[in-house]
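# Inside the fold
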Amino acid sequence: MIAFKDLKDILKLAIKWEKKLKDFYDVAEFALSDKKSKGVIAVLRENLLKNLHILEHINIADYGTTEWVRYASEHREEELIPVKRITRDSKPEEIFHQILDYQSKLKDFYSTILNNLITAKQKELFESLVKFQDEQIYETTNFMNRYKL
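Structural notes, computed from the coordinates. Remember, it's a predicted structure, so these values are computed and weren't measured experimentally.

### Looking at the overall build of the protein
Secondary structure summary: the protein contains five helices and two strands in total. Listing the helices and strands of the protein from first to last along the sequence gives β-α-α-β-α-α-α. With 149 residues in all, the protein has 42% of them scored as buried. Within the protein, residue pairs in contact and separated by at least 24 positions form 81% of the contacts whose partners lie at least 6 positions apart.

### As for the pattern of salt bridges
Per the stated rule, a full pass over the model turns up six salt bridges. Between E46 and R45 there is a salt bridge whose closest N-O contact spans 3.4 Å.

### Side note on the packing of aromatic side chains
All chains considered together, the criterion is met by five aromatic pairs. Summarising the aromatic geometry, the rings of F109 and Y110 are spaced 6.1 Å apart at their centres and angled 50° between planes, so their arrangement reads as tilted. For the pair shown, F109 and Y110 are each scored as buried. Taken together through their ring pairs, the aromatic side chains of W17, F109, Y110 and F126 make up a single cluster.

### Focus: the packing of helix α1 (residues 7-31) against helix α2 (residues 35-56)
Following both chains from N to C, one finds α1 and α2 inclined at 160°, their axes separated by 9 Å at the closest point. When the axes of α1 and α2 are compared, the pair comes out roughly antiparallel. The element α1 and its partner α2 pack so that their crossing is left-handed. The residues of α2 that touch α1, namely those facing L11, I15, E18, K19, L21, K22, Y25, D26, A28, E29 and F30, are K38, I41, A42, L44, R45, L48, L49, L52, L55 and E56. For the contact of α1 with α2, the class distribution of residues is 13 nonpolar, no polar and eight charged.

### Brief notes about the nonpolar core
Within the largest apolar cluster, 40 residues are counted, with the highest numbers of intra-cluster contacts made by Y25, F109, Y110 and F126. Contributions of two or more residues to this core are made by α1, α2, α4 (92-115) and α5 (120-146). In terms of residues, this core owes the most to one element, α1, which gives eleven residues.

Parameters at a glance
Residues numbered from 1 in each chain as written. Predicted model: local features only at pLDDT ≥ 70, side-chain atom pairs only at ≥ 80, totals over all residues. Heavy atoms only, no water. Helix = DSSP H or I, 4+ residues; strand = E, 2+ residues; numbered from the N terminus. Buried < 20%, exposed > 50% of the residue type's maximum accessible area, 1.4 Å probe, protein only. Contact = heavy atoms within 4.5 Å. Salt bridge = Lys/Arg side-chain N within 4 Å of Asp/Glu carboxyl O. Phe/Tyr/Trp six-rings, centres within 6.5 Å; stacked < 30°, edge-to-face > 60°. Axes fitted to C-alpha atoms, helices over the stretch in contact; angles between N-to-C directions. Parallel < 35°, antiparallel > 145°, perpendicular 65-115°, else oblique. Left-handed = near helix turned anticlockwise from the far one by under 90°. Nonpolar A, V, L, I, M, F, W, Y, C, P; charged D, E, K, R; others polar. Core = buried A, V, L, I, M, F, W, Y, C linked by side-chain atoms within 4.5 Å.

Spelled out as structure tokens, the structure:
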């Protein structure tokens, strides 16, 4: 278990993990030879960039004074960043499953923080972050279903 000093630290970590996923997309888009896979990565990367912009512009001060957030589940980057490697022959289905796994773990992280907060304003922030991840998961799943993977 880990403890965070304040909400700003938690948000910084979440943004860092989202940027790591963006880096994953960048490498995958460059390395893949399958045109369908490249297309999948390009669309998902663009969606992530829009969402990352929103995260980076959250004003923590709007959510009241900070409080000590304790007993959050410990997550290491290697648990959130896709562990399996993408190769030049990776298929869209493999990419989607890695991304969905990542998004689910990040949603679980936000949910754990939400369950340990006390103030209504701060709970509101993390409820919106959980919903934010739900939307990302929904978008990825919809994209996967459109490609019938």
